[in-house]
Amino acid sequence: TLEQLGITVGEMPRTLQRELGNAEGVYVESVAPNSPAAGELLQGDVITAVGRTPVKTVDELQRALNQIPSGRAVRLRVLRQVDNRTMEMLVMFRMP
């Protein structure tokens, strides 16, 4: 499912976790161009929830995404650092 979305993810680096006030989530390592997630997710984003389901690990993210049928909208809660500020935002796209 992560491959279908065009994202590569991993555990959040400890230094980033400290910068984000010990937030928990899954780190976006890369986003493939022309993928469903392109233009919505950015490298360095931290996914903290799928819909209302919190995710702290790659396995939890994968399980939550597996519950969403193909063609349905995906809503992710994301932490993003912009200009030395951390923003919490929602991103949406369709499951392939």
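All of the points below concern the structure found in this document.

What counts, and at which threshold
- Residues numbered from 1 in each chain as written.
- Predicted model: local features only at pLDDT ≥ 70, side-chain atom pairs only at ≥ 80, totals over all residues.
- Heavy atoms only, no water.
- Buried < 20%, exposed > 50% of the residue type's maximum accessible area, 1.4 Å probe, protein only.
- Helix = DSSP H or I, 4+ residues; strand = E, 2+ residues; numbered from the N terminus.
- Pairing = 2+ DSSP bridges.
- Salt bridge = Lys/Arg side-chain N within 4 Å of Asp/Glu carboxyl O.

With respect to the pairing of strand β3 (residues 46–50)
The buried fraction of β3 amounts to five of the five residues, a majority that puts the element mostly inside the structure. The pairing of strand β2 (residues 26–31) with β3 spans two bridges and is classified as antiparallel. Paired with Y27 across the bridge in β3 is V46. Looking at chain direction, β3 and strand β5 (residues 73–82) are connected through four bridges and run antiparallel. Across the sheet, A49 pairs through a bridge with R77, a residue of β5. Relative to strand β4 (residues 53–54), β3 is paired through two bridges, and the arrangement is antiparallel. Paired with A49 across the two strands is P54, which belongs to β4. The turn linking β3 back onto β4 is made up of two residues, and G51 within it adopts a positive phi angle of 60°.

Here's the deal with the pattern of salt bridges
In total, this model carries two salt bridges according to the counting rule given. The partner of R80 in a salt bridge is D45, with the nearest N and O atoms 2.7 Å apart. Of the two residues, R80 is situated in strand β5 and D45 in the loop between β2 and β3; the sequence distance between them amounts to 35 residues. Classification of R80 as buried rests on a relative accessible area of 12%.

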